[in-house]
Amino acid sequence: MTPNKIAVTGGIGSGKSVFCEIVREFGFPVFSCDAINRELWTDEAYLSTLSEQFPDCLTGGSIDKAKLSEKVFSDDEARRRLNALAHPAIIHRLLAHMNTCKGPSFAEVPLLYEGGYEALFDAVIALRRSKESRIAAVEARDGLKREETLARMSRQLDPARLSEKHCLILDNDGDRDALKEKTRNALRSLHLLA
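To start, this report covers the structure provided alongside it. Quantities reported herein were computed from a predicted structural model and do not represent experimental measurements.

## Structural notes on the packing of helix H4 (residues 65-72) against helix H5 (residues 76-99)
Here H4 crosses H5 at 120°, and the two axes come no closer than 7 Å. On the basis of the axis angle, H4 is oblique to H5. Contacts between H4 and H5 involve Leu-68, Lys-71 and Val-72 from the first element and Ala-78, Arg-79, Arg-81 and Leu-82 from the second.

What follows is the structure, given as structure tokens:
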């Protein structure tokens, strides 16, 4: 059976976004939880709920992204509360978008396994990359310090545990051309390309 809803996951800096760019080049629709999260930040009802849940993260009466980010990355309970609010809203919108597609579509879902959402998808592709390559990628992309990147990585599924999951694992320690070839092979193995 050809899968219709395919999740793309992997730890921070593993190459999910580049993989998704390549999937788009092959002609498939791709949705992003991060993009949907940005949509939610324009939703007044959502922002109102965030303000109620995190009153100490307000600036001038509005939720301050920087304060909220600092809080949730330093306070496990605050992170759990934010995830309990944000993740269901993101996944609901994500699946609504995917349901509009006539054929297979892909979704970049960074915290797929951590949130327990894998059963909502027909297939999962997980990207894996060496720790040092991930750190370098995140430092270059986001300007985070090594300690900040390691702190974020520690809150995600250990890539070594991906082999325990029912997913197609792509090791991404080469260049973009190598990843494109692996992507082509993955799409073929899912019967999405001839």
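## Quick notes on the pairing of strand S1 (residues 5-9)
Consecutive side chains of a regular strand alternate in pointing toward one face of the sheet and then the other. The buried count for S1 comes to five of five residues, which makes it a mostly enclosed element. Residues of S1 alternate between two faces, with Lys-5, Ala-7 and Thr-9 on one and Ile-6 and Val-8 on the opposite face, all of them buried. As paired strands, S1 and strand S5 (residues 105-108) are joined by four bridges and run parallel to one another. Directly across from Lys-5, in S5, lies its bridge partner Ser-105.

## Focus: the environment of Leu-82
Here Leu-82 shows up in helix H5. Leu-82 sits 10 residues away from Val-72 along the chain, and the two C-alpha atoms are 7.6 Å apart.

## Digging into the packing of aromatic side chains
By the definition in use, this model includes one aromatic pair. Considering the side-chain rings of Phe-28 and Phe-106, the 5.6 Å spacing of their centres and the 65° angle between planes classify their relative orientation as edge-to-face. Pair noted here: Phe-28 is in the loop between helix H1 (16-25) and strand S2 (30-32) and Phe-106 is in strand S5, with a separation of 78 residues, a long-range link. We classify Phe-28 as buried; its relative accessible area is 13%. Between Arg-152 and the ring centre of Phe-73, over which it is positioned, the NZ or CZ distance is 3.9 Å.

## Some details on the environment of Gly-174
Relative to the helices and strands, Gly-174 resides in the loop between strand S7 (168-171) and helix H9 (176-189). Of the residues examined, Gly-174 reaches a relative accessible area of 45% and is grouped as partly exposed. For the pair Gly-174 and Gly-115, spaced 59 residues apart in the sequence, the C-alpha separation amounts to 29 Å.

Rules behind the numbers
- Residues numbered from 1 in each chain as written.
- Predicted model: local features only at pLDDT ≥ 70, side-chain atom pairs only at ≥ 80, totals over all residues.
- Heavy atoms only, no water.
- Axes fitted to C-alpha atoms, helices over the stretch in contact; angles between N-to-C directions.
- Helix = DSSP H or I, 4+ residues; strand = E, 2+ residues; numbered from the N terminus.
- Parallel < 35°, antiparallel > 145°, perpendicular 65-115°, else oblique.
- Contact = heavy atoms within 4.5 Å.
- Buried < 20%, exposed > 50% of the residue type's maximum accessible area, 1.4 Å probe, protein only.
- Pairing = 2+ DSSP bridges.
- Phe/Tyr/Trp six-rings, centres within 6.5 Å; stacked < 30°, edge-to-face > 60°.
- Lys NZ or Arg CZ within 6 Å of the ring centre and 35° of its normal.

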